[in-house]
Amino acid sequence: MKRDDYIKQIADRSLIWDFVVVGGGATGLGAAVDAASRGFKVVLLEQADFTKATSSRSTKLVHGGVRYLAQGDVSLVVEALRERGLMKKNAPHLVKDQRFIIGNYKWWEKPFYTIGLTIYDLLAGKRGLGRSLPMTKKAVECEIPQINKTRLRGGVVYHDGQFDDSRMGINLMQTAAEQGALVINYAKVTNLIKDDSGKISGVNVYDEIGKQPYSLKAKVVVNATGIFVDGLMKMDAPEKDNIVRP
Ligand SMILES: Cc1cc2nc3c(=O)[nH]c(=O)nc-3n(C[C@H](O)[C@H](O)[C@H](O)COP(=O)(O)OP(=O)(O)OC[C@H]3O[C@@H](n4cnc5c(N)ncnc54)[C@H](O)[C@@H]3O)c2cc1C
């Protein structure tokens, strides 16, 4: 991976890229891996460091979406558990098992959570990280000495995944590069280029290190700018309302 070489390649104005991905967080890096591994010509542009924004500031859980189970969205949980298992298999240096204990204060909570979390385990199948089990009050107090003991009845322990979000992003970036994508940090997209019919046909980008602007032609521009999504959307249609707000 050589940034200077990548910059030389994007300077060639005769090239038309299959995909220009804007944003080097989890979404953009994943999109770049996906497209490059299918043989497309891909450039990913990130205005700061890779994973500088939300993708290095998450709670760092690779969860199978246990809360969606409570909402009855079983297919989403099955998909998330499958992805959790694949992440553990493909990146065992980044994903590990994390035990959680839910303290119970009402009589129905222990059977409720034990049954619910056992269903969660069963949905994970052979990719499960460990079995959910009920715990006595004494065992919960022993594991969490600071827990509120007033009316504590016991608990349930279950397993989910924990990961290093930023490192995962950096590994995705390396994989994208291995697959032939140009991944360029400190490259801020400043506006979109449109063809005569008004269709987006490329981007203008500013190299913050070389202090040079470049124009890239692209068949597809992917907006993977996370919470900054409106910045790019406004480059397309300034009159549109924001879709993200604090
Ligand atoms: C508090 C919190 C906790 C979370 N916990 C978890 C968790 O435990 N597990 C989990 O799986 N998910 C979690 N998430 C969700 C997860 O972090 C996000 O879904 C994910 O990081 C979003 O990635 P992204 O690539 O879409 O956005 P980002 O990581 O924000 O990336 C967008 C990138 O676009 C770049 N960019 C913006 N404008 C431009 C431009 N003009 N030119 C070039 N680049 C530009 C930005 O610099 C940024 O790097 C959590 C989220 C939050 C907020």
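Residue positions are counted from 1 within each chain, in the order its sequence is given. Note on the predicted model: pLDDT of at least 70 is required for a residue's local features to be given, and 80 or more for side-chain atom pairs to be given and counted; whole-chain, interface and lining totals, by contrast, use all residues. Heavy atoms throughout the structure, all of them, feed into the side-chain values; hydrogens and water do not.

Draft legend 1. Summary view of the domain arrangement of the chain. Either an automatic procedure or a domain database provided the assignment from which the domain bounds are taken. Taken as a whole, the chain is organised into domain 1 (3-56 + 166-236) and domain 2 (61-161). Its C-alpha centre places domain 1 at a distance of 38 Å from the equivalent point of domain 2.

Draft legend 2. Seen up close, the site of the ligand. The cutoff for a nearby residue is simple: one of its non-hydrogen atoms must lie within 4 Å of the molecule or strand. T27, E46, S55, T59 and L61 are the nearest of the 23 residues found near the ligand. Pairs of N or O atoms are called polar contacts if they sit within 3.5 Å, as long as, within protein, a hydrogen donor faces a hydrogen acceptor (for residues adjacent in sequence, only side-chain-to-side-chain pairs). In this structure, T27 approaches the ligand through a side-chain N or O atom, which is 2.6 Å from an oxygen atom. Contacts to the ligand include S55, whose side-chain N or O atom sits 2.6 Å from an oxygen atom. The Shrake-Rupley method, run with a 1.4 Å probe, gives the accessible areas here. Residue values count only the displayed protein chains as cover. About the coverage of the ligand: the protein hides 71% of its 1000 Å² of free accessible area. The dominant element in the shell around the ligand, judged by the number of residues it contributes, is strand β8 (residues 187-194), at three residues. A run of H or I in DSSP becomes a helix once it reaches four residues, and a run of E becomes a strand once it reaches two; helices and strands are each numbered from the N terminus.

Draft legend 3. Molecular detail of unusual backbone geometry. Of note, K60 is a non-glycine position whose phi angle comes to about 70°, a positive value. By the secondary structure assignment, K60 is in the loop between β2 (42-45) and β3 (61-62). Look at Y186: it is not a glycine, yet its phi comes out positive at around 50°. Within the secondary structure, Y186 is located in the loop between β7 (182-184) and β8. Using a 1.4 Å probe on the protein chains alone, a residue whose accessible area is under 20% of its type maximum counts as buried, one over 50% counts as exposed, and one in between counts as partly exposed. Given the relative accessible area of 29%, Y186 is considered partly exposed.

Draft legend 4. Layout of helix α8 (residues 229-236). Every buried residue of α8 is listed here: V229, D230 and L232. Around the axis of α8, the buried residues are gathered within 160° of arc, so they sit on the same side. Contact criterion: two residues are considered in contact whenever any of their non-hydrogen atoms come within 4.5 Å of each other. Considering only its buried residues, α8 is in contact with β1 (16-22), β8 and β10 (212-223). The arc in question is formed by the directions pointing from the helix axis toward the C-beta atoms.

Draft legend 5. Structural view of the side chain of N171. Residue position: N171 is located in helix α7 (residues 165-178). Every residue in contact with N171, bar those within four places of it in the chain, is listed here: H93 and L94.

Draft legend 6. Region of the structure containing the environment of L44. Tracing the chain through its elements places L44 in strand β2. The exposure class of L44 is buried, given its relative accessible area of 0%. Spatially, the C-alpha atoms of L44 and I119 are 40 Å apart, while their sequence positions differ by 75 residues. For L44, the contacting residues outside a window of four places in its chain are V21, G23, G24, G28, L29, A32, F50, L182, V183 and I184.

Draft legend 7. Examining the nonpolar core more closely. In this description, a nonpolar core means a group of buried Ala, Val, Leu, Ile, Met, Phe, Trp, Tyr and Cys residues linked to one another through side-chain atoms lying within 4.5 Å. Ranked by internal contacts, the top residues of the largest apolar core, which has 35 residues, are I10, V20, V43, L45 and L216. Setting aside residues no more than four positions away along its own chain, V43 makes contact with I10, W17, F19, V20, V21, L182, I184 and L216.

Draft legend 8. Seen up close, the packing of helix α4 (residues 74-90) against helix α5 (residues 109-124). Between the N-to-C directions of two axes lies an angle of 0 to 180 degrees, each axis being a line fitted to C-alpha atoms and, for a helix, fitted only over the stretch in contact. Interaxial distance between α4 and α5 falls to 9 Å at its minimum, and their mutual angle equals 60°. One way to sum up the angle between α4 and α5 is to call them oblique. You can see that α4 and α5 cross each other, and the crossing is right-handed. Counted together, V74, V77, V78, L81 and R84 of α4 and Y120, L123 and A124 of α5 form the full contact between these two elements. An angle counts as roughly parallel when it lies under 35 degrees, as roughly antiparallel when it exceeds 145, as roughly perpendicular when it falls between 65 and 115, and as oblique in every other case. Crossing handedness is read from the near helix: turned anticlockwise from the far helix by less than a right angle, it gives a left-handed crossing, and turned clockwise, a right-handed one.

Draft legend 9. Geometry of the packing of aromatic side chains. Any two of the Phe, Tyr and Trp rings considered here, Trp counted by its six-membered ring, make a pair once their centres fall within 6.5 Å; the pair's planes then place it as stacked at under 30 degrees, edge-to-face at over 60, or tilted in between. For the structure on display, the rule yields five aromatic pairs. Joined through ring pairs, the aromatic side chains of F100, Y120 and Y158 make up one cluster.

Draft legend 10. Spotlight on helix α1 (residues 3-10). Inspection of α1 places R3, Y6, I7 and I10 among the buried residues, and these make up the whole buried set. Buried residues of α1, seen end-on, are gathered within an arc of 100° and therefore sit on one face of the element. For α1, exposure combined with an orientation more than 90 degrees from the buried face picks out D4 and K8. Looking at the buried positions of α1, the neighbouring elements they touch are β1, β2, α7, β7, β9 (200-207) and β10.

Draft legend 11. Just the layout of surface pockets, in detail. Cavities and pockets are found on a 1 Å grid laid over the protein atoms alone: a cavity is a set of points where a 1.4 Å probe fits but cannot escape, a pocket is an open set with protein on both sides within 12 Å along at least five of seven lines, and a lining residue has an atom within 4 Å of such a point. Grid points are joined across faces, edges and corners, and a volume is the space filled by probe spheres set on the points. If you add up the space inside the second largest pocket, you get close to 230 Å³. Lining the second largest pocket we find V66, R67, L69, A70, I102, F112, Y113, G116, L117, I119 and Y158. When residues of the lining of the second largest pocket are traced back to their parent elements, those giving at least two are α3 (66-70) and α5. For the lining of the second largest pocket, the per-class residue count stands at nine nonpolar, one polar and one charged. Three residue categories are used. Nonpolar comprises Ala, Val, Leu, Ile, Met, Phe, Trp, Tyr, Cys and Pro, charged comprises Asp, Glu, Lys and Arg, and polar comprises the others, including Gly.

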